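Chain by chain, the residues run as shown.
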Amino acid sequence: MQDKIVSAAEAKERVAGYKNQGLTVVFTNGCFDILHAGHVRYLAEAREKGDVLVVGVNSDRSVSSIKGRGRPLVPLRERAEVLAALESVSLVVPFDEDTPERLIEALAPHVLVKGADWPEDKIAGAAAVRAAGGEVVRVPLSPGLSTTGIIKKILETFKDGPG
């Protein structure tokens, strides 16, 4: 499982190897702060678009910048470990920027997958993937399943203290 968690440089080497084998490389990314069924479904559907799935995961600093104070709840090392344990995930690549644009440009995946909640013109790396002849796919999200929703439910449940 730990061999699935790699640096951007290592991911670039492995992706080149996959491409040399004629495999279709799919890339997606996210914070994956509290992994839930919606994430698992999304990642499985992304994997169906090709032979290998590379998942970019935001660093703790990046998540905090995007989501705000108090996030992430789960540190990068643990988020990456949980992602790497999923059968659908081939590689997990942490990145520190707010978007994975540079990582996507470096890896040049055949397919870039993002949730349908993102307009295509706002998807980081989409232009680079299309310019290289790749495809951008927007996958529908599972209604009612989100990390933010889980956090709200926990806070409401324990607003008067633990059970």
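Everything below is about the structure printed above this text.
Conventions adopted
Residues numbered from 1 in each chain as written. Predicted model: local features only at pLDDT ≥ 70, side-chain atom pairs only at ≥ 80, totals over all residues. Heavy atoms only, no water. Helix = DSSP H or I, 4+ residues; strand = E, 2+ residues; numbered from the N terminus. Rg over C-alpha atoms; globule rule 2.2 N^0.38 Å. Buried < 20%, exposed > 50% of the residue type's maximum accessible area, 1.4 Å probe, protein only. Contact = heavy atoms within 4.5 Å. Areas by Shrake-Rupley, 256 points an atom, 1.4 Å probe, with all protein chains shown as cover. Lys, Arg positive; Asp, Glu negative; His and termini not counted. Charge placed at Lys NZ, Arg CZ, Asp CG, Glu CD. Pairing = 2+ DSSP bridges. Axes fitted to C-alpha atoms, helices over the stretch in contact; angles between N-to-C directions.

**Topic: the overall build of the chain**
- When helices and strands are tallied, the chain shows seven helices and five strands.
- Moving toward the C terminus, one meets the helices and strands of the chain in the order α-β-α-β-α-α-β-α-β-α-β-α.
- In terms of C-alpha radius of gyration, the chain reaches 16 Å, essentially the compact-globule figure of 15 Å for 163 residues.
- Scored against the burial criterion, the 163 residues of the chain give a buried share of 40%.
- Residue pairs in contact within the chain that sit at least 24 positions apart in sequence constitute 73% of those at least 6 positions apart.
- Carbon together with sulfur atoms contributes 52% to the accessible area of the chain, which is approximately 8800 Å² in total.
- Here the chain holds 21 positive side-chain charges and 22 negative ones, and the gap between their average locations is 3 Å.

**Re unusual backbone geometry**
- Residue Pro-72 follows Arg-71 across a cis peptide bond; omega there is 5°.
- For Pro-72, the location among the structural elements is in the loop between α3 (60-67) and α4 (76-84).
- Unlike most non-glycine residues, Ala-108 shows phi in positive territory, near 45°.
- Inspection of the secondary structure puts Ala-108 in the loop between α5 (101-107) and β4 (111-115).

**Notes on the pairing of strand β3 (residues 91-95)**
- Along β3, four of the five residues are buried, which leaves the element largely enclosed by surrounding structure.
- Strand direction decides the pairing type here: strand β2 (residues 52-58) and β3, joined by five bridges, are parallel. Following the sheet pairing, Val-57 is matched in β3 by Pro-94.

**As for the sheet that holds strand β5 (residues 135-139)**
- One open sheet accounts for five strands, arranged β3-β2-β1-β4-β5; its pairing is parallel. Strand pairing shows two members of the sheet lacking a second neighbour, β3 and β5, which therefore form its edges. The sheet shows a mean angle of 25° between the axes of neighbouring strands, direction not considered.
- Taken together, the two bridges between strand β1 (residues 25-30) and β4 define a ladder with parallel strand orientation. Within the sheet, the bridge partner assigned to Phe-27 lies in β4 and is Leu-112.
- Strands in contact with helix α2 (residues 37-47) are β1, β2, β4 and β5; relative to β2, the strand with the most contacts, it is inclined by about 140°.
- Set on the sheet, α4 makes contact with β2 and β3; between it and β2 the angle comes to about 165°.

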